[in-house]
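Structural features, examined
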Amino acid sequence: MQTVVAPVFGTNDPLWSLANEFWYYVIFPMFAVAFGLAVGGRRLSSASRLVIGFVAMAILLWLPWVIQSEYLIWLLGLIVYRFVGRVSRTKALASCWVGGLFVCASVIYGKLNSLQLALGVPSELLTALSFCVLAVGLTNIKNNDQLPSWIQIIVRKSSDISFSLYVIHFPLVVLIAGYFYGFEKLRPDAAGLTQYTLWLGFILIFSACFWWMFERRTNRIRRGVTLAMESRFGWRLNS
């Protein structure tokens, strides 16, 4: 309900995106069923699909405008999914370069409010489209095995803890800034950059510990729920 009927919890502002994701994961399968997706191996009646589609639309209209508008950005993931394994290596590399350059440009564009007002193009949309092009390229490159093993380990482990880092980093930043610095900014000199780097390492290590205590069990729980659903209802679900 945060950002819908209440603000985000405490000082952890980055958690605003959880409400977006939750409601998108609710209404997307409802719309998919309404447009004819089979459920449990069979298609629902037209009346059932109409009701489900009506409920999904009612939920979407009830949500705040910012969540409604960003649903289109979330749906760009379908484009990435559609092109997985369907793009040649040459085109994938080109997509990576083009997407990467546009991602960098979109970050700069996001800081230029006057240019955004002049062009009327939201920076979030430009960033999303740029990253979509980049993701299409990245998901179609098949040379991961050519990377050194230590790089593969770093990439995999960093990916594993990314959600825990997202959840826990901002409260840590606020605590560090308030307790040790009284919310005064660090100077961009050697001492300041050294302190910043050390704190960054601490936050990454703390997030890794947080992941080890909690999130590392996620896949085990997901597989258990999936098997239970398949056994109880005969549904074939992706784990």
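Residues numbered from 1 in each chain as written. Predicted model: local features only at pLDDT ≥ 70, side-chain atom pairs only at ≥ 80, totals over all residues. Heavy atoms only, no water.

**Examining the overall build of the protein**
Counting secondary structure elements, the protein contains eleven helices and zero strands. Based on the C-alpha atoms only, the size of the protein along its principal axes is roughly 65 × 50 × 45 Å. For the protein, buried positions account for 26% of its 239 residues. Taking all contacts inside the protein whose residues are at least 6 apart in sequence as the whole, residues at least 24 apart take part in 65%. (Helix = DSSP H or I, 4+ residues; strand = E, 2+ residues; numbered from the N terminus. Buried < 20%, exposed > 50% of the residue type's maximum accessible area, 1.4 Å probe, protein only. Contact = heavy atoms within 4.5 Å.)

**Examining the packing of helix 9 (residues 162-181) against helix 10 (residues 190-213)**
Running from N to C, helix 9 and helix 10 cross one another at 135°; their axes reach a closest spacing of 9 Å. In this view, helix 9 runs oblique relative to helix 10, as classed from their interaxial angle. Considering how the two elements wind past one another, helix 9 and helix 10 form a crossing that is right-handed. The segment helix 9 lies against helix 10, with Ser 164, Leu 165, Ile 168, His 169, Leu 172, Val 173, Ile 176, Phe 180 and Tyr 181 engaging Gln 195, Trp 199, Phe 202, Ile 203, Leu 204, Phe 206, Ser 207, Phe 210 and Trp 211. The residue makeup of the contact of helix 9 with helix 10, split by class, is 14 nonpolar, four polar and no charged. (Axes fitted to C-alpha atoms, helices over the stretch in contact; angles between N-to-C directions. Parallel < 35°, antiparallel > 145°, perpendicular 65-115°, else oblique. Left-handed = near helix turned anticlockwise from the far one by under 90°. Nonpolar A, V, L, I, M, F, W, Y, C, P; charged D, E, K, R; others polar.)

**Remarks on the packing of aromatic side chains**
Within this structure, the stated rule accounts for 13 aromatic pairs. Centre to centre, the rings of Phe 22 and Trp 23 are 5.0 Å apart; their planes meet at 85°, and the pair counts as edge-to-face. Residue class for Trp 23 comes out buried when judged on its relative accessible area of 11%. An aromatic cluster of at least three residues, connected via ring pairs, comprises Tyr 24, Tyr 25, Phe 28, Tyr 71 and Trp 74. Over the face of the ring belonging to Trp 212 we find Arg 216, whose NZ or CZ atom lies 4.2 Å from the ring centre. (Phe/Tyr/Trp six-rings, centres within 6.5 Å; stacked < 30°, edge-to-face > 60°. Lys NZ or Arg CZ within 6 Å of the ring centre and 35° of its normal.)

**Focus on the side chain of Ser 164**
Tracing the sequence through the fold places Ser 164 in helix 9. Here Glu 215 takes part through its side chain, which lies 2.6 Å from a polar atom of the side chain of Ser 164. Leave out the neighbours within four places in its chain, and Ser 164 touches Ser 207, Phe 210, Trp 211 and Glu 215. (Polar contact = N/O pair within 3.5 Å; in protein donor to acceptor, adjacent residues only side chain to side chain.)

**Here's the deal with the side chain of Ser 95**
Its location among the elements puts Ser 95 in helix 5 (residues 89-110). Of note is the side chain of Ser 95, whose polar atom sits 2.4 Å from the backbone oxygen of Val 133. Every residue in contact with Ser 95, bar those within four places of it in the chain, is listed here: Gly 100, Val 133, Leu 134, Val 136 and Gly 137.

**Considering the environment of Phe 31**
Along the chain, Phe 31 falls in helix 1 (residues 16-34). A residue is classified by how much of its surface remains accessible, and Phe 31, at 15% relative accessible area, is buried. A sequence separation of 141 residues divides Phe 31 from Leu 172, and the C-alpha atoms of the two residues are 39 Å apart. Leave out the neighbours within four places in its chain, and Phe 31 touches Gly 53, Ala 56, Met 57, Leu 60 and Tyr 71.

**With respect to unusual backbone geometry**
With a phi angle near 70°, Thr 3 is a residue other than glycine that sits in the positive phi range. Relative to the elements of secondary structure, Thr 3 occurs in the segment before helix 1. In this model, Phe 183 sits at a positive phi of 65°, which is unusual for a non-glycine residue. Within the element layout of this structure, Phe 183 appears in the loop between helix 9 and helix 10. Overall, the relative accessible area of 58% leaves Phe 183 in the exposed class.

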